[in-house]
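Now for the letters of each chain:
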Amino acid sequence: VSPRISLMKDQVDALVAAGAPAACINSAISVTDKRRIHEDIQQGTLKLLYVSPERVTNPAFLEYLKRLPITFFVVDEAHCISQWGHDFRPEYRELRVLRDSFPDAGLHAYTATATRQVRDDIVRELNLRDANVLVGSFDRPNLVYRVERRTSGFEQVKRIIAAHPNDSGIVYCITRKDVDKLCTELTAAGVKALPYHAGMDDASRKRNQDAFIRDRADIIVATVAFGMGIDKSNVRYVIHAGMPKSIEHYHQESGRAGRDGLDSECWLLYSGVDFGLWKGLVSKSEGEAADVALSKLRDMYDYCMTPSCRHKALVSYFGETYTRVPCDMCDVCLDESEAHPESGDIARVILECVAALGDIAGPSYTTLVLSGSKEERVTRKGHHQLPVYGALAQHTPRAIRGWIEQLAGQRFLAKTGEYNILSLTQRARDGGETPRVGVSEEKAPSRSRARVYEGVDQALFDALRKLRRAKADELGVPAFVIFTDAALREMTQRKPTTPEAFRGVPGVGQKKAQVYAADFTRVIAEFGGVPVNVDATADTPEARKTPTRREPRPAPGETRRQAFELFEQGYSIEEVSQSTGRAMSTTEGYLVDFIEERRVTDPSRWVSAAVLERVRSVAEKCDDGRLKSIREMLDGEISYSDIRICLACLRHRASEEGATT
């Protein structure tokens, strides 16, 4: 169950390209295609069917589904079911009928942005029984987050784009007017950018989205209407030219960068004006949910104003504990968001000024006093005689106003009423914490871009990208469906020249190797085709972590020996599989052989302690000791491979303990 036609189509295209039998039914599907899909369903050849929430809850369609052997339902973008979510959709509430209509089918719900409150709502609204709530990490460790006060606007956006030549990027604006204006300015500056917003006609929106998805355009400037359904894997940067209205929105929109796992940048350009704009829009449009929306808006503004680790701030919002500080992947931890050399004195003076004015002034008037303004209203009220008058006159009013906003964001100052009257908070009065104001210099972008392309043969990469686009156009699918940027990057480093070597590149696989090996290895051969040692071309932690792939593919006995050496060094099954070019199943067999021959007793390098304990507990109760019986007792939640690994280590552990006794 998926909310957008574009999302269904992209996922089905990717599944079919990978050899998975999938289809979607929606209003864009012809009668002939619907008939073909029905026949595939009846013959049992179709395994995955994508439909909208409106269709799946239609009484006639429900009756049709009841005649099919359905194993489970998946509700994607499940946060849409909750009023506490950032994209509530009333039609999602109707999905509760699935539990009653299909009591024996599994019912799964997935979302990338759900707080605890939203998760509870999902369970309740879908009538899930004894729900098993699995929460993965909200962190995107390959994203570099940067927050910058918006000053020049267009110039800041242009500067970031210029640091990403030929890379795919998304620029988000708050309003349609902002989208059109920024697109016009970028085009006039020689930057090709396409607009996308709800005010455009459907044909224009679809044309621009397709151009971006299929790599015929690098940059799209959009409102949040450019949202769900965008699953382009090689977006290298996302710029928010205005502040989003919630952290959930920001997490999801910025999360459209780097989906291939390569480092990417997320820039947020904010202004106090954004808060006021969103506040007005939310108050008018959110109805009963306005209070919730305003609370989320304040959280978003606090994120912008508080100079603390961005990764930690984001995951903490969703209830996750983050311990990897400094993260070295945000402006704060990279020391790009430095405290002003006189931070303490500046903050103290601002707080003293607010206290002296006696809770009667907003940020603008407070700035006038601190900058030493000679405006008549300042002198008429006698505020030019305050000790703090002109105390920050050496700084620009823009800088002073920015520092006031930072202190408000850090909860040292509170704003109340229509005119945002400033007052000291309890946190400021307690005096136990030192406020911090930052410098307002613009940050230097693209540390992440250098890492993405380090060790990459750029000419070969561009040639492979051109070939990928041609193949995608032939099939009418997005370019990343053919291969991700991560896969192309591996090709430039490994330079496989045979179908067998090409199949061993991560992200290729058997079916894609059969279809594309001839064309892609031909291009690689034109650029030398000499196998390259990955470690020599990319001296990065990631490159050093993954063992070097040797070509040509070694004989079975030699591969087994190599696998044993890599397991001895602590590499994972996936890493050894990639290094030796053998299938995962074969590599798992090598690992079990390794454990048996070396009499390994500790499987912690390959399975968790929790998995080991579960297998041990069940194995002790299993009468026949067969793998199938043990897996059934584990409800199929642990793979055969992990069970075999655990059992082998437990046997050796018991043998050693018996020998000692």
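Residues numbered from 1 in each chain as written. Predicted model: local features only at pLDDT ≥ 70, side-chain atom pairs only at ≥ 80, totals over all residues. Heavy atoms only, no water.

A. Inspection of the sheet that holds strand E9 (residues 235–240) at higher detail. The strand order across the open sheet formed by six strands is E5-E10-E9-E6-E8-E7, and the pairing between neighbours is parallel. A strand with exactly one partner marks an edge of an open sheet, and here the two such strands are strand E5 (143–149) and strand E7 (193–196). Across this sheet, the average inter-strand angle for adjacent strands is 15 degrees, counted without regard to direction. Both strand E6 (residues 168–172) and E9 contribute to a ladder of five bridges, which runs parallel. (Pairing = 2+ DSSP bridges. Helix = DSSP H or I, 4+ residues; strand = E, 2+ residues; numbered from the N terminus. Axes fitted to C-alpha atoms, helices over the stretch in contact; angles between N-to-C directions.)

B. Summary view of the packing of aromatic side chains. Overall, the coordinates contain 18 aromatic pairs when judged by the stated rule. An angle of 40 degrees between the planes, with centres 5.8 Å apart, marks the rings of Phe 61 and Tyr 64 as tilted. In this pair, Phe 61 and Tyr 64 are both assigned in helix H4 (residues 59–66), three residues apart and thus about one turn of the helix distant. For the pair Phe 61 and Tyr 64, one class covers both residues: buried. (Phe/Tyr/Trp six-rings, centres within 6.5 Å; stacked < 30°, edge-to-face > 60°. Buried < 20%, exposed > 50% of the residue type's maximum accessible area, 1.4 Å probe, protein only.)

C. View of the environment of Asp 87. The topology assignment puts Asp 87 in the loop between strand E3 (72–75) and helix H5 (97–101). As a C-alpha pair, Asp 87 and His 249 span 162 residues in sequence and 8.5 Å in three-dimensional space.

D. Spatial organisation of the nonpolar core. Residues Met 243, Leu 268, Tyr 303, Phe 483, Met 491 and Phe 520 are the most contacted members of the largest nonpolar core, which totals 68 residues. In this view, Phe 483 contacts Arg 468, Leu 488, Met 491, Phe 502, Gly 507, Val 508, Lys 512, Tyr 516 and Phe 520; residues no more than four positions away in its chain are not counted. Residues Val 378, Leu 386, Ala 399 and Ile 400 belong to the second largest nonpolar core, which totals 29 residues. (Core = buried A, V, L, I, M, F, W, Y, C linked by side-chain atoms within 4.5 Å. Contact = heavy atoms within 4.5 Å.)

E. Geometry of the packing of helix H14 (residues 343–357) against helix H15 (residues 363–371). Contact pair H14 / H15: the axes reach a minimum separation of 10 Å and the direction vectors enclose 115 degrees. By the criterion of interaxial angle, the relationship of H14 to H15 is roughly perpendicular. Pair H14 / H15 crosses with right-handed handedness. Contacts between H14 and H15 involve Val 349, Ile 350, Cys 353, Val 354 and Leu 357 on the former and, on the latter, Tyr 365, Thr 366, Val 369 and Leu 370. (Parallel < 35°, antiparallel > 145°, perpendicular 65-115°, else oblique. Left-handed = near helix turned anticlockwise from the far one by under 90°.)

F. Structural view of helix H10 (residues 247–254). A large share of H10 lies buried, amounting to eight of its eight residues. Of the residues making up H10, those classed as buried are Ile 247, Glu 248, His 249, Tyr 250, His 251, Gln 252, Glu 253 and Ser 254. The inward-facing, buried residues of H10 contact E5, E6, E9, strand E10 (264–270), helix H12 (290–305) and helix H13 (310–317).

Taken by themselves, the reported measurements are silent on function.
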